[in-house]
Amino acid sequence: MSLKGKIAIVTGCSKGIGLTTTIALLNKGVKVAGWSRTPPDLKHKEFTHFQTDVSNHESVQESFQRTILKYGQADILVNNAGLGYASEFEELETAKWLEMFDVNVHGMYYCSKVVVPGMKQKGYGHIVNIGSIAGTTAVKYMVGYAATNHAVTGLSLSFFMELREF
């Protein structure tokens, strides 16, 4: 399958896996809408950064509308945005627990929810969910991160079962 001319959304595009994925897609001729809170140090004629907080449903909807206006419906969604905090369980602040679920799980849900109808209408699309080995294997001092990645694994498998026919 040729990727040239396809349209992708990459969340968490400012560094690490998200930035590397963005560059790889651009090198294949993909137009990329990068969604992250912080803009990457990247200039490319086929790349546009949209400041997005994936943990906020309204922010995701706004970036989606801006992406549609700029590029059209997405062919590819790379759900990469995520974070984790190391801590003994009883020392983990509730705010950090909630933040991990808001970004890692709710963000994936919000982003997928906005692109799926367009992908169904087009009759194709690809959603790539980036998770961690913590999604299948418990990690000491990473209870919140492991819990969110277990949720990411469950979401991903359920998405696959429900959406593969499209």
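Keep in mind that what you see is a predicted model, and the values were worked out from it rather than measured.

Chemist: Please clarify how helix 4 (residues 143-163) should be interpreted in this entry.
Modeler: At 3.6 residues per turn, the α-helix brings residues three or four places apart onto the same side. For helix 4, with 21 residues, the first-to-last C-alpha span of 30 Å sits near the 30 Å given by 1.5 Å per residue. Contact partners of the buried residues in helix 4: helix 3 (94-122).

Chemist: How should the state of the cysteines be read in this particular structure?
Modeler: Here a disulfide denotes a covalent bond joining the sulfur atom of one cysteine to the sulfur atom of another. Throughout the structure, instances matching the rule amount to 0 disulfides. Unpaired in this structure, cysteine 111 has its nearest cysteine sulfur neighbour in cysteine 13, at a distance of 11 Å. You can call cysteine 111 buried: its relative accessible area is 1%.

Chemist: Help me understand the pattern of salt bridges, please; the structure alone is not making it clear to me.
Modeler: When the charged atoms of two side chains lie near each other, side chains of opposite charge can form a pair. In the structure shown here, the tally under the stated rule is 1 salt bridge. Among the salt bridges present, the one from aspartate 75 reaches lysine 122, with a minimum N-O distance of 2.4 Å. Residue aspartate 75 is found in the loop between helix 2 (57-70) and strand 4 (76-79), and its partner lysine 122 is found in helix 3; the two are separated by 47 residues along the sequence.

Chemist: Would you explain the packing of helix 3 against helix 4 in this entry?
Modeler: How two helices sit against one another is set out by the angle between their axes and by the gap between those axes. In contact at an axis separation of 8 Å, helix 3 and helix 4 are set at 15° when each is read in the N-to-C sense. Judged on the interaxial angle alone, helix 4 and helix 3 are roughly parallel. For the pair helix 3 and helix 4, the crossing hand works out as right-handed. Across from Trp97, Met100, Phe101, Asn104, Val105, Met108, Ser112, Val116 and Lys120 in helix 3, the residues of helix 4 making contact are Val143, Gly144, Tyr145, Ala147, Thr148, Ala151, Val152, Leu155, Ser156, Phe159 and Leu163. Taken together, the residues of the contact of helix 3 with helix 4 break down into 14 nonpolar, 5 polar and 1 charged.

Scoring rules and cut-offs
- Residues numbered from 1 in each chain as written.
- Predicted model: local features only at pLDDT ≥ 70, side-chain atom pairs only at ≥ 80, totals over all residues.
- Heavy atoms only, no water.
- Helix = DSSP H or I, 4+ residues; strand = E, 2+ residues; numbered from the N terminus.
- Expected span 1.5 Å × (residues − 1).
- Contact = heavy atoms within 4.5 Å.
- Disulfide = S-S within 2.5 Å.
- Buried < 20%, exposed > 50% of the residue type's maximum accessible area, 1.4 Å probe, protein only.
- Salt bridge = Lys/Arg side-chain N within 4 Å of Asp/Glu carboxyl O.
- Axes fitted to C-alpha atoms, helices over the stretch in contact; angles between N-to-C directions.
- Parallel < 35°, antiparallel > 145°, perpendicular 65-115°, else oblique.
- Left-handed = near helix turned anticlockwise from the far one by under 90°.
- Nonpolar A, V, L, I, M, F, W, Y, C, P; charged D, E, K, R; others polar.

The values reported here are purely geometric and, on their own, carry no functional implication.
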